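# Observations on the three-dimensional arrangement
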Amino acid sequence: MSDAKKDAPVEVEGIKERSNRLRGTLLDSLGDRATGAISEDDTQISKFHGIYQQDDRDIRAERTEAKLEPAHSFMVRVRVPGGVCTPEQWLGMDALAQDHANGTLRLTTRQAFQFHGILKGNLKASIQAINTEVLDTIAACGDVNRNVMCTPLPETSRVHASALRYARDISDHLTPRTGAYHEIWLDGDKLDPGAPPEVEPIYGDHYLPRKFKIAMAIPPQNDVDVLAHDLGYIAIERGGRLVGFNVTVGGGMGATHGDPATFPRIADVLGFCTPAQAVAVAEHIVTIQRDFGDRTNRKHARFKYTVADRGLEWLREEFARRAGFALLPAAPFAFTHVGDRYGWVRGDDGLWHVTLYVPAGRLADTDDARWLTGLRLIAQQYAGEFRLTANQNVIISGIQPDERATVEHLLETHGLEQWKTLTPLGLNALACVALPTCGLAMAEAERYLPDLLASVQGRLDQHGLREADLVLRITGCPNGCARPYLADVALVGKAPGRYNLFLGGGTSGERLNQLVAENLSEEKILEVLDDHFARYAAERNGD
């Protein structure tokens, strides 16, 4: 390969440049009734609008044999900065799942709502319904900053309220300024051809080289896995008041099988900023990645590679030059836990909060648990908040003391108190969606999780480890949506029915696990785990 070819921008960069600020030919694609799909270029642009084109891979071969196009549908992701929404917004998302999607509501590891099975003809109505609830899908996907996460503490506290406010401020500040979203989906005014070109003051003509993720953690909880993100904020409090943030940079979970130049990475602590500087820090870090990120190789385009290649000292100097101020030395902090705290907690203000375990984040009415019906009734009857967690669960928050008995009754009668009977292994488990809809999936994840948990739990029980507080995560591919590289036990899809096995992540989200074996069948996975569990039972430390 010639140097010119090697250094040429990838095709996606050209698609972004030609898109007229994320408009592309989406209106034409949506109006084409001859197909359930949109054009190839528009498929890339639609991601910036929170949309992924997918098809049902379970029936792909059957439809190909019948000379039919794939069974196209769309995944739509809704931004919920900080993971906090109102009961009215919850009811709106519930209704959308019934009216336009596949009848289920998916909670993601980024504290967002996700819908599956939306047909092309229903896309516009779906996004308009989301907008009606004062939510949106713009920048939920694509080469921009995604949904900004924040530890959803069950207790109402001044620190959480302050951190949530800054998470929302950062989200608003980094939202693309293009009018394309309102023009295409909300029937807004079309751009006047004679008007000056729109300006994206932060993203520029080509947006970012790849996606960008931000999270805020409030020690001692690290339930958002803050060090797995491109940019992280670790809240520092004194006397119950937020005094600033330690800023972390260069985390990321994605990798490519067989390519040692790609790897998951834990973020580095860059320094400390005041609350008033938090939004400016986000802007300048994002623009550094905009200008220095690799646009010639999308596998090497995440901010973690920019940090790894150029180093922290270079980043500090470049940041100070742009921002006009330098970050201060980091403040001491300590994390103790990465999971959610289940059950009931009472806040300092006397209000109650209950964290529910949602299997793989999938809300549906089944014989065992009527998730949608139960949560719908709760949302209709009280005026608190719903908080989505980074572990695919939901917190019903701000319950008045005289409402608790009613909420408890609804949870019990609808089978939603699953946290009471599960072992730590089940409560800590995460899975991405994977097959049949994710186009990147190489193996099962969400659909395989119940059987996997039963098998692994059986091995733990045999070694007297039933209550071991282990984190298990499974993904259908190495891109790491369920943050597998931080787990005690992780399966990363390699091929149908086969996985790479990783072991040994840290209990506070500050250590990557290690690859133990590649391309294993389920039988071999359990055999390898059995050997490790035996050693763990015999040799583990008391703490």
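In this report, the structure presented in the accompanying data block is examined. (Residues numbered from 1 in each chain as written. Predicted model: local features only at pLDDT ≥ 70, side-chain atom pairs only at ≥ 80, totals over all residues. Heavy atoms only, no water.)

## A few points about the packing of aromatic side chains
For clarity, the threshold we go by: Two aromatic rings, drawn from Phe, Tyr or Trp (for Trp, its six-membered ring), form a pair once their centres lie within 6.5 Å of each other, and the interplanar angle then sorts them: stacked below 30 degrees, edge-to-face above 60, tilted otherwise. In DSSP terms, a helix is any run of H or I states spanning at least four residues, a strand is any run of E spanning at least two, and both are numbered starting from the N terminus. For every residue, the accessible area (1.4 Å probe, protein chains only) is compared with the maximum for its type, and the residue is labelled buried under 20%, exposed over 50%, or partly exposed between those bounds.
Here the structure, examined in full by the defined rule, presents 16 aromatic pairs. Their ring planes at 85 degrees and their centres at 4.9 Å tell us that Phe292 and Trp314 sit as a pair that is edge-to-face. Of this pair, Phe292 sits in helix α10 (residues 278–292) while Trp314 sits in helix α12 (residues 312–323), and the two are 22 residues apart along the sequence. A residue is classified by how much of its surface remains accessible, and Phe292, at 28% relative accessible area, is partly exposed. Between the aromatic rings of Trp344 and Trp352, the centroid separation amounts to 6.2 Å while the plane-to-plane angle is 75 degrees, which identifies the pairing as edge-to-face. Classification of Trp352 as buried rests on a relative accessible area of 17%.

## Examining the sheet that holds strand β10 (residues 268–273)
Selection rule: A pair of strands counts as paired when DSSP detects no fewer than two bridges linking them. When checking whether two residues touch, look at their non-hydrogen atoms; a contact exists if any pair is within 4.5 Å. An axis is simply a line fitted to the C-alpha atoms; with a helix, the fit covers only the stretch in contact. Between two such axes, the angle follows the N-to-C directions and lies from 0 to 180 degrees.
Spatially, β6-β7-β8-β9-β10 is the arrangement adopted by the five strands of the open sheet, whose pairing is mixed. A strand with exactly one partner marks an edge of an open sheet, and here the two such strands are β6 (149–150) and β10. Pairing analysis gives five bridges linking strand β9 (residues 241–249) to β10, with the strands arranged antiparallel. Paired with Val247 across the bridge in β10 is Gly271. Helix α8 (residues 158–173) contacts β6, β7 (214–217), β8 (231–238) and β9 of the sheet and is inclined by roughly 45 degrees relative to β9.

## Observations concerning the pattern of salt bridges
The following threshold applies: When a carboxyl oxygen of Asp or Glu lies within 4 Å of a side-chain nitrogen of Lys or Arg, that pair is called a salt bridge.
Counted according to the given criterion, the structure contains 34 salt bridges. Arg18 is the salt-bridge partner of Asp41, the closest N and O atoms lying 3.5 Å from each other. Taken together, the residues Asp41 in helix α4 (residues 40–48) and Arg18 in helix α2 (residues 11–18) connect sequence positions 23 residues apart. Taking the relative accessible area as the measure of exposure, Asp41 reaches 33% and is therefore partly exposed. Assessed through its relative accessible area of 51%, Arg18 is described here as exposed. A salt bridge links Arg447 to Glu444, with the shortest nitrogen-to-oxygen separation between them at 2.7 Å. Within this structure, Glu13, Lys16, Asp143, Arg295 and Arg298 form a network of salt bridges that share partners.

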